[in-house]
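# A closer look at the structure
Spelled out, the chains give:
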Amino acid sequence: MTDFNGKKAIVLGGTSGIGLATAQALLAAGADVIVGSRNAAECAHTRGMAVEQVDVLERQGLAKLFEKYAPFDFLVNAATGGARAVGPFLEMDLDGFQASFAKLWGYTNSVRLGANHLTENGAIVLLSGYPARNCKTGYIAISTVGNAVEGFVRGIAPELAPRRINAVSPGLIDTPMFPARGEAREAFFNNATKDHLIPRAGKAEEVAKGVVFVLDNDFVTGTTVDVDGGALFA
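We now turn to the structure provided with this report.

Calculation rules
Residues numbered from 1 in each chain as written. Predicted model: local features only at pLDDT ≥ 70, side-chain atom pairs only at ≥ 80, totals over all residues. Heavy atoms only, no water. Helix = DSSP H or I, 4+ residues; strand = E, 2+ residues; numbered from the N terminus. Contact = heavy atoms within 4.5 Å. Pairing = 2+ DSSP bridges. Axes fitted to C-alpha atoms, helices over the stretch in contact; angles between N-to-C directions. Expected span 1.5 Å × (residues − 1). Buried < 20%, exposed > 50% of the residue type's maximum accessible area, 1.4 Å probe, protein only. Parallel < 35°, antiparallel > 145°, perpendicular 65-115°, else oblique. Left-handed = near helix turned anticlockwise from the far one by under 90°. Nonpolar A, V, L, I, M, F, W, Y, C, P; charged D, E, K, R; others polar.

## Some words on the side chain of R163
- Along the chain, R163 falls in the loop between α5 (140-160) and β6 (164-170).
- If we skip the residues at most four places from it in the chain, R163 touches A115, N116, L118, T119, E120, G122 and T221.

The structure is reproduced here in structure tokens:
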């Protein structure tokens, strides 16, 4: 069992979905956990954690958060940064396409401002997504941003060493970001994953296990770990 006793972790985007599941997994492993979110109201799900309101696109507030809790061992950024454009590129509003890159800017802000507050052997994890390497029509914005995130991780890893940075790439995960409910929700996931090697939507907790793995393994850096149910083979 992973033991993070004595470790301090900051999870951005940590009050819902994959970020929340990751924060809960780190807490269960013994870490002191700070979650940052634009929607930072404390709730039962974040009990035992420090909760801070922060927007990853606002550098001043982000810098203050890192300074307040420095030094820390782990930094996980699961914040989406805002809306993501979908639809065929040749019909897409280019402002919407550009706005999709808010996720990348939030990630680069967190690494640039947070890396120097990491402990000597600290680690960072960013979230990508399987469309980066398996792009279906209509998901070009998400794919392009995911490619940028994974390329950023590879490129920045040598500069950060011996501190580590990795990406975790989820497949289609059943989280609150999908608004459909009941039978419509089930039908959506069934149709979207029918060609995956594991034909179901993943759970946020399954992605969190991937994040914990790369945080815990001191011999993994500059890479992308897929937690996607075989979506890349679809």
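So, next bit.
## A look at the sheet that holds β6
- Pairing is parallel across the open sheet formed by seven strands, whose spatial order is β3-β2-β1-β4-β5-β6-β7. This sheet does not close on itself; its edge strands, each paired only once, are β3 (50-53) and β7 (224-227). Taking the axes of each pair of neighbouring strands and ignoring which way they run, one obtains an average angle of 20 degrees across the sheet.
- Where strand β1 (residues 8-12) lies against strand β4 (residues 72-77), four bridges are found, and the strand directions are parallel. Looking at the pairing, I10 lines up with L75 of β4.
- With respect to the sheet, helix α7 (residues 204-216) is in contact with β4, β5 (118-127), β6 and β7, its orientation differing from that of β6 by roughly 165 degrees.

## Things to note about α7
- Here α7 contains 13 residues, and its C-alpha end-to-end distance of 18 Å stays within 8% of the 18 Å for a straight helix at 1.5 Å per residue.
- What α7 keeps buried is the set A204, V207, A208, G210, V211, V212, V214 and L215.
- On its buried side, α7 packs onto α1 (17-28), β4, β5, β6 and β7.

## As for the packing of α1 against α7
- In the contact formed by α1 and α7, the axes pass within 8 Å of each other and the chain directions differ by 55 degrees. Relative to α7, the element α1 is oriented oblique. The two elements α1 and α7 cross, and the hand of that crossing is right-handed. Contact residues: α1 offers G17, I18, A21, T22, A25 and L26, while α7 offers A204, E205, V207, A208, V211, V212 and L215.
- Looking at the contact of α1 with α7, its residues break down into ten nonpolar, two polar and one charged.

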